[in-house]
Amino acid sequence: MSATATADGVAARLAEVRNRIAQAERDASRPPGSVRLIAVAKTFAADAIRPVIAAGQRVFGENRVQEAAAKWPALREESGPLELHLVGPLQSNKAREAVALFDVIHTIDRERIAAAVAAEMARQKKQLRLLVQVNTGAEPQKAGVLPGAVDAFVARCRDAYGLAIDGLMCIPPVDDVPAPHFALLNTLAGRLGLASLSMGMSGDFETAIRLGATDVRVGSAIFGERNYGTEPAPS
Ligand SMILES: *Cc1c(COP(=O)(O)O)cnc(C)c1O
């Protein structure tokens, strides 16, 4: 396949995803443009990302700080204003780099991370939009605050660290029907008066939009299947 054909393919997939989001907004009687599309570019090299930027996409997600640091400074340089979201786990020793690189972090889930991000935002004089990841399935191996601990954690972020949490994020268990997890996240955010709900991926973003998603994180439906064989080591 020629480079042009590949670029056309990715532009067509992006347009298709945008159309499906618009349709889901209409179906849910939500205002057009009320859902933000985050194009999750993890594992894809700059050459695969450029055609998506050229097709007008300005909001991207990555799940590893190191991978993002290797790709995005140059892409930002050549592309003008872009919004970059961290949707994967953050270690406190990467907070400095993460605050420098990203505009939004979806994965605040421990007091240590809240403290490190607060300190770095003050040091770098940079305000990020922050979401708390919720482990809606209470999976032992999964990151995120347990549903029963979310209210106290959000209050602690505000009171101890001065962090204004803007919303909640979840990744439902792979083997579960996602809708109840999205509904739970919506209930938790509503109770706390939080504006943003980051939920829904390639396989279920329409369901998430029906249940109130404001930020959908879509990777493979735009970029194609990921090749994990070439995935960089965890950061
Ligand atoms: C990879 C990833 C996505 C995108 O997944 P797709 O199924 O490819 O759309 C969304 N959210 C997070 C946290 C991810 O790591």
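None of the values given here were measured: they were computed from a predicted structure.

Criteria and thresholds
Residues numbered from 1 in each chain as written. Predicted model: local features only at pLDDT ≥ 70, side-chain atom pairs only at ≥ 80, totals over all residues. Heavy atoms only, no water. Helix = DSSP H or I, 4+ residues; strand = E, 2+ residues; numbered from the N terminus. Buried < 20%, exposed > 50% of the residue type's maximum accessible area, 1.4 Å probe, protein only. Phe/Tyr/Trp six-rings, centres within 6.5 Å; stacked < 30°, edge-to-face > 60°. Expected span 1.5 Å × (residues − 1). Arc of directions from axis to C-beta. Contact = heavy atoms within 4.5 Å.

Asks: How would you explain unusual backbone geometry if you had to name every residue and give the values?
Replies: Look at Ser29: it is not a glycine, yet its phi comes out positive at around 55°. With respect to the helices and strands, Ser29 occurs in the loop between helix 1 (3-27) and strand 1 (36-40). At Thr43, a position not held by glycine, the phi torsion is positive, near 75°. Thr43 gets classed as buried once you look at its relative accessible area, which sits at 16%.

Asks: With reference to specific residues and values, describe the packing of aromatic side chains.
Replies: Going through the model one piece at a time under the given rule, you end up with 2 aromatic pairs. With a centroid separation of 5.1 Å and an interplanar angle of 20°, the aromatic rings of Phe44 and Phe223 are classed as stacked. Placement of the pair is Phe44 in the loop between strand 1 and helix 2 (46-54) and Phe223 in helix 9 (residues 220-223), with a sequence separation of 179 residues. Relative accessible area serves as the criterion here: at 12%, Phe44 is assigned to the buried category. Ring geometry for Phe60 and Trp72: centres 4.9 Å apart, planes at 40°, overall tilted. Taken together, the residues Phe60 in strand 2 (residues 59-62) and Trp72 in helix 3 (residues 65-79) connect sequence positions 12 residues apart. By relative accessible area, which is 1% here, Trp72 ends up buried.

Asks: Describe helix 6 (residues 150-161), and please don't skip the residues or the numbers.
Replies: The end-to-end C-alpha distance of helix 6 is 16 Å, a good match for the 16 Å that 12 residues give at a rise of 1.5 Å each. Considered for burial, the residues of helix 6 that qualify are Val150, Phe153, Val154 and Cys157. One side of helix 6 carries all its buried residues, which in axial view fall inside an arc of 100°. Among the exposed residues of helix 6, those pointing more than 90 degrees away from its buried face are Ala152 and Asp159. On its buried face, helix 6 is in contact with strand 4 (104-108), helix 5 (111-124), strand 5 (129-133), strand 6 (165-169) and helix 7 (179-192). Of the residues flanking the end of helix 6, it is Gly162, one or two places downstream, whose phi is positive at about 65°.

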